[in-house]
Amino acid sequence: DTEVTQTPKHLVMGMTNKKSLKCEQHMGHRAMYWYKQKAKKPPELMFVYSYEKLSINESVPSRFSPECPNSSLLNLHLHALQPEDSALYLCASSYDTTEQFFGPGTRLTVL
Amino acid sequence: AQKITQTQPGMFVQEKEAVTLDCTYDTSDQSYGLFWYKQPSSGEMIFLIYQGSYDEQNATEGRYSLNFQKARKSANLVISASQLGDSAMYFCAMRARGGSNYKLTFGKGTLLTVNP
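Quick look at the structure, then. Note that this is a predicted model, so its numbers are computed, not measured.

A few words now on the overall build of chain B. From N to C terminus, chain B includes zero helices and 12 strands. Taken from N to C terminus, the helices and strands of chain B fall in the order β-β-β-β-β-β-β-β-β-β-β-β. Scaling as 2.2 N^0.38, a compact globule of 116 residues should have a C-alpha radius of gyration of about 13 Å, and chain B matches this with 14 Å. Seen through its principal axes, chain B has C-alpha atoms that stretch 45 × 30 × 20 Å. Restricting to contacts in chain B with at least 6 residues of sequence separation, those with at least 24 account for 56%.

Our next topic: the interface of chain B and chain A. The partner chain A presents 25 residues to the 20 residues of chain B that form the contact. Summing both sides of the interface, chain B and chain A together bury roughly 1,800 Å²; the carbon and sulfur share of this comes to 58%. Of all residues in chain B, Met-45, Tyr-102 and Lys-103 of chain B bury the most surface against chain A, accounting for 37% of the area lost on that side. When the shortest N-O distance is used, the salt bridge between Glu-58 of chain A and Lys-103 of chain B registers 2.9 Å.

Residue and element names in this part refer to chain B. Judged by which residues are buried, strand β8 (residues 64-69) turns out to be one-sided: Tyr-64, Leu-66 and Phe-68 face inward and are buried, whereas Ser-65, Asn-67 and Gln-69, on the alternate face, are not. The pairing of strand β7 (residues 60-61) with β8 spans two bridges and is antiparallel. Bridging across to β8, Thr-60 finds its partner in Ser-65. Hairpin connection between β7 and β8: a loop of two residues separates the two successive antiparallel strands, and Gly-62 in this loop has a positive phi of roughly 60°.

All names here are of chain A. Secondary-structure assignment places Gln-6 in strand β1 (residues 4-7). Residue classification places Gln-6 among the buried positions, given a relative accessible area of 5%. Within the structure, Gln-6 has its side chain in polar contact with the backbone oxygen of Tyr-89 (distance 3.0 Å). From its side chain, Gln-6 meets the backbone nitrogen of Gly-105 in a polar contact 2.9 Å long. Not counting chain neighbours up to four residues away, the residues in contact with Gln-6 comprise Lys-22, Cys-23, Trp-34, Tyr-89, Leu-90, Cys-91, Gly-103, Pro-104, Gly-105 and Thr-106.

Attention now moves to unusual backbone geometry. All names here are of chain A. Following Thr-7, the chain continues to Pro-8 via a peptide bond in cis, the omega torsion being -10°. With respect to the element layout, Pro-8 can be found in the loop between β1 and β2 (10-13). Backbone geometry places Glu-52, a non-glycine residue, at a positive phi of 70°. By the element assignment, Glu-52 lies in the loop between β5 (44-50) and β6 (53-57).

Another point: the environment of Ser-82 of chain B. Residues and elements named next belong to chain B. Here Ser-82 lies in the loop between β9 (74-79) and β10 (88-96). With a relative accessible area of 2%, Ser-82 lands in the buried category. A C-alpha to C-alpha distance of 10.0 Å links Ser-82 and Tyr-64, two positions 18 residues apart in sequence. Setting aside its immediate chain neighbours within four residues, Ser-82 contacts Val-13, Gln-14, Glu-15, Lys-16, Glu-17, Val-19, Arg-63 and Val-114.

Once that is clear, we can look at the environment of Arg-97 of chain B. Residues and elements named next belong to chain B. For Arg-97, the position within the fold is in the loop between β10 and β11 (105-106). On the basis of relative accessibility, which here comes to 36%, the residue Arg-97 falls in the partly exposed class. Measuring from C-alpha to C-alpha, the distance between Arg-97 and Gly-33 comes to 6.3 Å, with 64 residues separating the pair along the chain. The residues touching Arg-97, leaving out its near neighbours within four places in the chain, are Ser-31, Tyr-32, Gly-33, Tyr-50, Gly-52 and Ser-53.

Reading guide: rules and limits
Residues numbered from 1 in each chain as written. Chains lettered and ligands numbered in written order. Predicted model: local features only at pLDDT ≥ 70, side-chain atom pairs only at ≥ 80, totals over all residues. Heavy atoms only, no water. Helix = DSSP H or I, 4+ residues; strand = E, 2+ residues; numbered from the N terminus. Rg over C-alpha atoms; globule rule 2.2 N^0.38 Å. Contact = heavy atoms within 4.5 Å. Buried area = accessible area lost by both parts, 1.4 Å probe. Salt bridge = Lys/Arg side-chain N within 4 Å of Asp/Glu carboxyl O. Buried < 20%, exposed > 50% of the residue type's maximum accessible area, 1.4 Å probe, protein only. Pairing = 2+ DSSP bridges. Polar contact = N/O pair within 3.5 Å; in protein donor to acceptor, adjacent residues only side chain to side chain.

See below:
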């Protein structure tokens, strides 16, 4: 299995909702990442987990809460988001500090 | 600090022709890695090719090759025999090697359009 999967593919939520994004990989990678990407811009790093521990938090607002239940799973919990949080959310994984493999992304719309 | 510059916001190429996408970088690190990713309109970032700063030979992967000129700090992507499916956004990225450096620095991207 050489892919990163993400669910859901699309998500529409209100500003008072709570939702979660899910990411899974079975490549034995020890690092997992969340990125946010706006249209026509490069991805922006949000969080990095290394060996299931939070390694990097790029000063992301607390309305985004990451979780790494095990080495194969990565979640991003969303609460009280703003319309400007609408974006493509990409998950990635890597064996170590090597090339990162990305999932197909979740297109999030906040109303 | 690391910086990636992609000076071509958009490029057009005829099907079956070769195209070069430019990438220059700036870093004070001696050991680093350079990456190219392809992002079709569907959104997924697809890893294409990697070049390490100490690799003496240019990296190649099928129709993709990386023209690495260390002294000029450039890492251009060459796509041979372009196909319609190559139409996408292409990002150059770099990362310092070693330690626990997981952060990729991305360029702004080049939108490639392949014409039939």
